[in-house]
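Fold and geometry: a report
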Amino acid sequence: MNQNETPLFDALLRHAARQPVQFHIPGHKRGRGMDNRFRSFVGDNALSLDLINIAPLDDLHHPTGAIKHAQELAAEAFGADYTYFSVQGTSTAIMTMVLATVGPGEKILVPRNVHKSVLTAIILADAHPIFLHPEVDREFGISHGLSVETVADALHRHPDARALVVINPTYFGIAADLARIVEIAHSVGVPVLVDEAHGVHTGFHPELPLSAMEAGADMAATSVHKLGGSMTGSSVLNVREGMIDPRHVQVVLSMLTTTSTSYLLLASLDVARKELAMFGRDRIGYAIALANRARAEIEQIPGLTCMDKRQLGGSATYALDPTKLTISVKDLGLTGYDVERILREDYNIEVELSDLYNILCIVSWGDSEDDVAALVTALREIAGRFRPREMKEHAPVTLPSMPELRMTPRSAFYAPTEVVPLQESVGRTMAEMVMVYPPGIPILLPGEIITQDNIDYIEANLRAGLPVQGPDDPEIRMIKVVKQDS
């Protein structure tokens, strides 16, 4: 196939050039029925492509024309048998993977540090999650991937598992030995579903971890918008035939997807695929060099430490995506949130996320040397303001334990509940989710037994000003627990 083609974007341009009289939605009719200030800022060209699934433009729910061709080009580029576009982000693609493979009461093996969308799908499917311990990094205070040994043991203990979920790579850029994990799972007939939200670029440069499709995984939900150049909310679901029926996957995805699909997002997927396929290696190489230069300079700043290949060394920490700059700031006596706020308020710099101990900066080919220089200069000045106060000892890193699952998440979510103070909930069964977003990994989820160390971890994040969310009570003072279970 010709990866230089953009069939969907071209079809949209031809349609817009015709300027047909539109007696269909959207009601703004190429922007004429829209707020003038918004229209002026966004531009008539963009609004002329904000269309609906009329016949000349194909239909995402039953593609036969330009969308079908665009998805076939994407499948070839990503090394998949089938690729399906998502205009509802990777969350919908992840939910599709789970709902297409497990049903009520069936077991699914899941790392405990998965995104909330995996757990949402488990609730909807009424599946039974078997949570696996990821490797914990005590220096940075984060979880990495699953070891091969952990996966092999779980498959041995749960021969009736219907699927295995793996993160590749993690939000912080660490990848497990995915090829070996896939080999072990396939040897016992278990399909591998990959959350590849942060790995769209992995298949396009040899210095990056293996992509899910390269490793032989059965499905991968991949965020093109995060690091692949498409618009926010546009992703793909890559599928390999064999253990998975692609037709069933498409049916499930259609069930979860709006019928008012965004052609702007779809077109951005089409052109982003072209850029990755045609120029990805060079552009990703530029981003890697830029990130490595930043990492080397930040490492020289007293009080700051960057995650790098020193953190690798086992099957759970098998490879690193160097475009992810995970920077530990704990030895400055600051939280990651403190540094994020200072960067925003004093330097007009925004980072991807912060937590109690780190900030995460994502470098892409859209960044410049000046951008990286500004970040390094700002971090050097911040470290200079706080480090000289005293030579601090390494700050202790605490992480919550993995709670015991007393009930299936769906049973707890729909059970009769009562509201209790967070501090008085030890030993109760959680009936809602609590997480810090980003990254969206739950601290507690429905069905788990609440422990004091998890409460302490929630409180520490709240005190630091981090975005703790999930419960009905936005202040997280009260939480819902399963009624009469204490």
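Residues numbered from 1 in each chain as written. Predicted model: local features only at pLDDT ≥ 70, side-chain atom pairs only at ≥ 80, totals over all residues. Heavy atoms only, no water.

The chain goes by Arginine decarboxylase in an unreviewed UniProt entry, where it is assigned to Alicyclobacillus hesperidum. Check the Cofactor (unreviewed entry) section of the UniProt entry for the chain; it says "pyridoxal 5'-phosphate". The heading Sequence similarities (unreviewed entry) in the UniProt record of the chain holds the text "Belongs to the Orn/Lys/Arg decarboxylase class-I family." (UniProt positions renumbered as here; feature names shortened; annotations may be inferred.)

1. As for the pattern of salt bridges
Two side chains bearing opposite charge may form a pair once their charged atoms approach each other closely. All chains considered together, the criterion is met by 21 salt bridges. Ionic pairing is found between Arg39 and Asp44, a salt bridge with its closest N-O pair at 2.7 Å. The closest approach of N and O atoms between Glu106 and Arg162, which form a salt bridge, is 2.5 Å. Here Glu106 is found in the loop between α5 (89-99) and β2 (107-111), whereas its partner Arg162 is found in the loop between α7 (148-157) and β6 (163-167), with 56 residues between them in sequence. Residue classification places Glu106 among the partly exposed positions, given a relative accessible area of 26%. Through salt bridges that share partners, Glu299, Asp308 and Arg310 make up one connected network. (Salt bridge = Lys/Arg side-chain N within 4 Å of Asp/Glu carboxyl O. Helix = DSSP H or I, 4+ residues; strand = E, 2+ residues; numbered from the N terminus. Buried < 20%, exposed > 50% of the residue type's maximum accessible area, 1.4 Å probe, protein only.)

2. Here we look at the packing of α5 against helix α10 (residues 246-256)
The description of two packed helices rests on the angle between their axes and on the distance between the axes. Orientation of α5 relative to α10, taken along the N-to-C sense of each, is 130°, at an axis distance of 9 Å. Between α5 and α10, the angle falls in the class oblique. Crossing angle aside, the handedness with which α5 passes α10 is right-handed. Contact residues: Thr92, Met95, Thr96 and Leu99 in α5; Val249, Val252, Leu253 and Leu256 in α10. Here the residues of the contact of α5 with α10 are counted per class, giving 6 nonpolar, 2 polar and no charged. (Axes fitted to C-alpha atoms, helices over the stretch in contact; angles between N-to-C directions. Parallel < 35°, antiparallel > 145°, perpendicular 65-115°, else oblique. Left-handed = near helix turned anticlockwise from the far one by under 90°. Contact = heavy atoms within 4.5 Å. Nonpolar A, V, L, I, M, F, W, Y, C, P; charged D, E, K, R; others polar.)

3. Details of helix α8 (residues 178-187)
Of the positions making up α8, those classed as buried are Leu178, Ile181, Val182, Ile184 and Ala185. Projection of α8 onto a plane perpendicular to its axis shows the buried side chains occupying an angular sector of 165°, all on one side. On its buried side, α8 packs onto α7, β6 and β8 (192-196). Immediately beyond the C-terminal end of α8, within one or two residues, lies Gly189, with a positive phi of roughly 75°. (Arc of directions from axis to C-beta.)

4. With respect to the packing of aromatic side chains
Considering all chains together, one arrives at 4 aromatic pairs under this definition. Consider the rings of Phe78 and Phe204, whose centres lie 5.7 Å apart with planes at 80°: the pair is edge-to-face. Separated by 126 residues along the polypeptide, Phe78 in helix α4 (residues 66-78) and Phe204 in the loop between β8 and β9 (219-222) bring together distant segments of the chain. Of the two residues, Phe78 and Phe204, neither departs from the other in class, the shared state being buried. The side chain of Arg112 reaches across the aromatic face of Phe131, ending 5.5 Å from its centre. When the ring centre of Tyr437 is taken as origin, the NZ or CZ atom of Lys116, which lies over that ring, is 5.4 Å away. (Phe/Tyr/Trp six-rings, centres within 6.5 Å; stacked < 30°, edge-to-face > 60°. Lys NZ or Arg CZ within 6 Å of the ring centre and 35° of its normal.)

5. Quick look at the pairing of β8
Most of β8 sits inside the fold, with 5 of its 5 residues counted as buried. Both faces of β8 are covered, namely the face carrying Val192, Val194 and Glu196 and the face carrying Leu193 and Asp195. The pairing of β8 with β9 spans 4 bridges and is classified as parallel. Bridge pairing in β9 places Glu196 opposite Thr222. (Pairing = 2+ DSSP bridges.)

6. Looking at the environment of Gly189
Relative to the helices and strands, Gly189 resides in the loop between α8 and β8. For Gly189, a relative accessible area of 47% corresponds to the partly exposed category. Considering only alpha carbons, one finds Gly189 and Ala215, 26 residues apart in sequence, at a separation of 16 Å.

7. Quick look at the nonpolar core
Across soluble globular proteins, nonpolar side chains have a tendency to be buried as a group. Judged by nonpolar contacts, the single largest core of 34 residues is most densely connected at Ile108, Val110, Val118, Ile122, Met219, Leu237 and Val249. Of all the elements in the fold, those that place two or more residues in this core are α5, β2, α6 (116-125), β6, β9, β10 (235-239) and α10. In terms of residues, this core owes the most to one element, α6, which gives 6 residues. When near neighbours in sequence (up to four residues on either side) are disregarded, Met219 contacts Met97, Thr101, Val192, Leu193, Val194, Met213, Leu237, Asn238, Val239, Ile244 and Val249. Leu57, Phe85, Val200 and Tyr263 belong to the second-largest nonpolar core, a separate cluster that totals 30 residues. (Core = buried A, V, L, I, M, F, W, Y, C linked by side-chain atoms within 4.5 Å.)

8. Considerations on the state of the cysteines
A complete count under the given rule lists 0 disulfides for this structure. Not part of a disulfide, Cys306 finds its nearest cysteine sulfur in Cys361, a span of 8.8 Å. (Disulfide = S-S within 2.5 Å.)

9. Quick notes on the pairing of β6
Across the 5 residues of β6, 5 count as buried, placing the element largely inside the fold. Here β6 shows a buried face lined by Ala163, Val165 and Ile167 and a second buried face lined by Leu164 and Val166. Both β2 and β6 contribute to a ladder of 2 bridges, which runs parallel. Paired with Leu109 across the bridge in β6 is Leu164. In terms of strand pairing, β6 meets β8 through 4 bridges, oriented parallel. Looking across to β8, one finds that Ile167 is bridged to Asp195.

10. Regarding the side chain of His158
By secondary structure assignment, the location of His158 is in the loop between α7 and β6. Only 3.3 Å separates the side chain of His158 from the side chain of Arg157, close enough to count as a polar contact. Once residues within four sequence positions are removed from consideration, His158 is found in contact with Lys107, Leu109 and Ile130. (Polar contact = N/O pair within 3.5 Å; in protein donor to acceptor, adjacent residues only side chain to side chain.)

11. Quick word on a nonpolar patch on the surface
Together, Phe38, Phe41 and Val42 line one region of the surface with nonpolar side chains, adding up to about 350 Å² of accessible area. The topology assignment puts Phe41 in helix α2 (residues 36-42). A residue is classified by how much of its surface remains accessible, and Phe41, at 76% relative accessible area, is exposed. (Patch = residues over 30% accessible without salt bridge, like charges linked within 9 Å, V, L, I, M, F, W, Y side chains within 5 Å. Areas by Shrake-Rupley, 256 points an atom, 1.4 Å probe, with all protein chains shown as cover.)

12. A look at the sheet that holds β10
As a general point, the strands of a sheet are linked pairwise by backbone hydrogen bonds and lie either parallel or antiparallel. Taken in spatial order, the 7 strands line up as β1-β10-β9-β8-β6-β2-β3 in an open sheet, and their pairing is mixed. Each edge of the sheet is formed by a strand with only one pairing partner; in this case those strands are β1 (82-86) and β3 (128-132). Neighbouring strand axes in the sheet, compared pairwise and without regard to direction, differ in orientation by 20° on average. Where α4 meets the sheet, it contacts β1 and β10, and its direction lies at approximately 120° from that of β1. The strands that α6 touches are β2, β3 and β6; relative to β2, the one it contacts most, it runs at about 165°.

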